[in-house]
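Results of the structural survey
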Amino acid sequence: MTTIAPELNLPPDHPLRQILDTIAAHPEVREPVLRVLLTEDFLALPARVDALTEQVQGLREEFDGFREETREQFGVVSARIDETNTRIDETNRSMQEQFQQVNRRIDDSADSIVRRMEGSLGRFRGETYEKRCVEKIDELLADHFGYAQLLDREPINRQLAQVRQNGTISRQEYLDGRNVDIIAHDTFAYDGERRWAVVEVSITFNRNDLENAARRSAIIAHVFGVQTQAFVVTHSPWPDDVNAIAEQIGVTIVRNHDPAYEAQPL
């Protein structure tokens, strides 16, 4: 027979030794004996421990599920944040492009306005310079005409329109005749001689003015049957080689240096 607690050193005839040996020999009596010796709560402890273990396992599984769900939610939030940042970056780039376009338009508009103002200023200065030449045409042509006096342009333009209608001159010739800057005649001319000055006015010297003066002078002479002399009146000096060209096509260059235009040459 195997004893349960030999370490107690109980004699074989001791009652406790006999009980323990009996339990060891007959395991089926162990539970009834425990029920007698232990309380119901103590006996239910293993079952409670198992139930608690199951609860802990369930909580662990729930926590693992919550952690995974939380991780997924954080991933969704992070993706939305990234998407929002991307949209903000795209919006910033779009706004920068729009600002750049607006700035370019402003620059283009400013340049256009400046060019128009410069063009208008140039035309205004040219017109005022021409007006000042008109006011002293007798002085400007004093070395060439006895006394130069302006002619009324209304009958001249009307006659040009008439010969244009008759087909005597072309449209371009008609426009050239109308666009002459100054037409004056010599009031000191000999009896029966009609001498007209056909004058082109330019602040800055341009060789095209020579050709315009020669061509328009010929048109006026042809239409009105008068002796004409072509002039170019300019504020600026001209190259020496131009004198030969002017003489060759029959144009006289007159320098009218006006201090009012010296400070701001075009």
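Our structure's up above, just so we're on the same page.
We now turn to the structure provided with this report. (Residues numbered from 1 in each chain as written. Predicted model: local features only at pLDDT ≥ 70, side-chain atom pairs only at ≥ 80, totals over all residues. Heavy atoms only, no water.)

1. Some thoughts on the nonpolar core
Among the nonpolar cores identified, the biggest contains 17 residues, and Tyr 129, Cys 133, Leu 141, Val 199, Phe 231 and Val 233 are the most heavily contacted of them. For this core, the elements supplying multiple residues, two or more each, are α4 (45-135), α5 (137-140), β2 (182-186), β3 (195-202) and β4 (227-234). The leading source of residues in this core is β3, at 3 residues. If you look at the next biggest cluster of nonpolar residues, it comprises 14 residues, including Val 163, Ile 169, Tyr 174 and Val 223. (Core = buried A, V, L, I, M, F, W, Y, C linked by side-chain atoms within 4.5 Å. Buried < 20%, exposed > 50% of the residue type's maximum accessible area, 1.4 Å probe, protein only. Helix = DSSP H or I, 4+ residues; strand = E, 2+ residues; numbered from the N terminus.)

2. Side note on helix α7 (residues 171-178)
Every buried residue of α7 is accounted for by Tyr 174, Asp 176 and Gly 177. Buried residues in α7, looked at end-on, bunch into an arc of 160°, giving them a common side. Against the buried residues of α7 lie α6 (153-166) and α8 (207-224). (Arc of directions from axis to C-beta. Contact = heavy atoms within 4.5 Å.)

3. Some remarks on helix α1 (residues 15-25)
Among all positions of α1, only Arg 17, Leu 20, Asp 21 and Ile 23 are buried. Angular distribution of buried residues about the axis of α1 spans 160°; they occupy a single face of the element.

4. Overview of the packing of α6 against α7
Running from N to C, α6 and α7 point in directions that differ by 175°, and their axes come no closer than 10 Å. The orientation of α6 relative to α7 falls into the category roughly antiparallel. Counted together, Arg 153, Asn 157, Leu 160, Ala 161 and Arg 164 of α6 and Arg 171, Tyr 174, Gly 177 and Arg 178 of α7 form the full contact between these two elements. Counted by class, the contact of α6 with α7 contains 3 nonpolar, 2 polar and 4 charged residues. (Axes fitted to C-alpha atoms, helices over the stretch in contact; angles between N-to-C directions. Parallel < 35°, antiparallel > 145°, perpendicular 65-115°, else oblique. Nonpolar A, V, L, I, M, F, W, Y, C, P; charged D, E, K, R; others polar.)

5. Things to note about the sheet that holds β4
Through backbone hydrogen bonds, the strands of a sheet pair up, either in parallel or in antiparallel fashion. Taken together, 5 strands build an open sheet; the order of strands is β1-β2-β3-β4-β5 and the sheet is mixed. If you trace the sheet from one side to the other, it starts and ends with β1 (148-150) and β5 (251-255), each paired once. Averaged over all neighbouring strand pairs, the angle between strand axes comes to 35°, with direction disregarded. Direction of pairing for β1 relative to β2: antiparallel, over a ladder of 3 bridges. If you follow Gln 149 over to β2, its bridge partner there is His 185. (Pairing = 2+ DSSP bridges.)

6. Section: the pattern of salt bridges
Here the structure, examined in full by the defined rule, presents 8 salt bridges. We note a salt bridge from Asp 176 to Arg 216, for which the minimum N-O separation is 3.2 Å. Separated by 40 residues along the polypeptide, Asp 176 in helix α7 and Arg 216 in helix α8 bring together distant segments of the chain. Asp 176 sits in the buried class, given a relative accessible area of 3%. (Salt bridge = Lys/Arg side-chain N within 4 Å of Asp/Glu carboxyl O.)

7. Points about the pairing of β4
Here β3 pairs with β4 via 8 bridges, running parallel. Paired with Trp 196 across the two strands is Thr 228, which belongs to β4. Of the crossover connections in this fold, the one passing from β3 over α8 to the parallel β4 is right-handed. Pairing of β4 with β5, which is carried by 5 bridges, proceeds in the parallel orientation. (Right-handed = clockwise from strand over helix to strand, strands pointing away.)

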